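What follows is each chain in one-letter form.
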Amino acid sequence: MIYIIIPVYNRLELTLKCLDSLKNQNNFKDLNIIIVDDGSTDGTNEFLKENYKDITILNGNGNLFSAGCFELGIEFVLKICKTKDWILLVSNDSELDKNAIVELVKFSEKKDRKILTGALTINALDGSTIIRSGTIIKSWFFNFTEHVFDGLSIKDKQNLQLTKVDFLPGRCLLHPVEMFKIVGNYNPKKFKHYGNDEEFAVRAKKLGYPSWLCVSSLTYVRANDEIIRKGFT
């Protein structure tokens, strides 16, 4: 079973597009979708309860932000999951390619489930340009980083290889459930919103779960300037 945790705060239209993309996944029957609604005021909670009765909704108080939503959703899943299940974090403005989850699982299994792996993010506005999907730290001291494949076209397949990175954004990020016993959960006390995925990745790498960007797994985001610049959603 693959448990999908989607933090939401308003933006119902984007959430519905995200859910449609999940329903079109080639392994949809293996998916269990969990929405963590952090106090939406646009009717998101009511609409989902009425129209998506097969989805689990967890409610926040408006102060969880992304890391708190991750933490709450993961705590919920760890109480009900089985040994070889997965947890996939998905941002609600992501629309996944129909093979996105299959490719992530396949790649993680090749690495004996000892990795954190994420999808390649594509700008949905042109369907081609790669947005920051994984980051390599060239110098911690000088804060010098390389955002791999950033700005390239998905059509340049000869330049796109499976790549080990230091950070992965939480747009479409796969975790084997057993890693949380070793690494622990996301930590909203230290990084409530921005930076929580980076902190988790560093901790995971130190404990034997390096981050890999899976270029055969694609997710599409309607990018604005902030997303392109920072890689956050």
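All of these numbers come straight from a predicted model, not from anything done at the bench.

(A) Examining helix 4 (residues 100-110) more closely. For helix 4, the full list of buried residues reads Ala100, Ile101, Glu103, Leu104, Val105, Phe107 and Ser108. Aspartate 112 lies just past helix 4 and shows a positive phi near 60 degrees.

(B) A look at the packing of aromatic side chains. Taken as a whole and assessed by the stated rule, the structure comprises 4 aromatic pairs. Here a set of aromatic residues connected by ring pairs shows up, and it is made of Phe70, Phe180, Tyr186 and Phe200. Its end group placed over the ring of tryptophan 212, lysine 111 keeps NZ or CZ at 4.2 Å from the ring centre. For arginine 113, the ring lying beneath its charged end belongs to tryptophan 86, and the centroid distance is 4.0 Å.

(C) Here's a closer look at the nonpolar core. In terms of nonpolar packing, the biggest core is built from 37 residues, with Ile87, Leu120, Phe149, Met179, Tyr186 and Phe200 touching the most fellow members. Those elements giving two or more residues to this core turn out to be strand 1 (2-8), strand 2 (31-37), helix 3 (65-78), strand 4 (86-90), strand 6 (116-123), helix 5 (179-183), helix 6 (196-206) and strand 11 (211-221). The greatest single-element share of this core, amounting to 4 residues, is contributed by helix 3. Ignoring any residue separated from it by four or fewer positions in sequence, one finds leucine 120 in contact with Ile130, Ser133, Phe149, Ile154, Leu160, Leu213, Cys214, Val215, Ser217, Leu218 and Thr219. Listed in part, the 31 residues of the second largest apolar core include Ile2, Ile55, Leu88 and Phe107.

What counts as what
- Residues numbered from 1 in each chain as written.
- Predicted model: local features only at pLDDT ≥ 70, side-chain atom pairs only at ≥ 80, totals over all residues.
- Heavy atoms only, no water.
- Buried < 20%, exposed > 50% of the residue type's maximum accessible area, 1.4 Å probe, protein only.
- Helix = DSSP H or I, 4+ residues; strand = E, 2+ residues; numbered from the N terminus.
- Phe/Tyr/Trp six-rings, centres within 6.5 Å; stacked < 30°, edge-to-face > 60°.
- Lys NZ or Arg CZ within 6 Å of the ring centre and 35° of its normal.
- Core = buried A, V, L, I, M, F, W, Y, C linked by side-chain atoms within 4.5 Å.
- Contact = heavy atoms within 4.5 Å.

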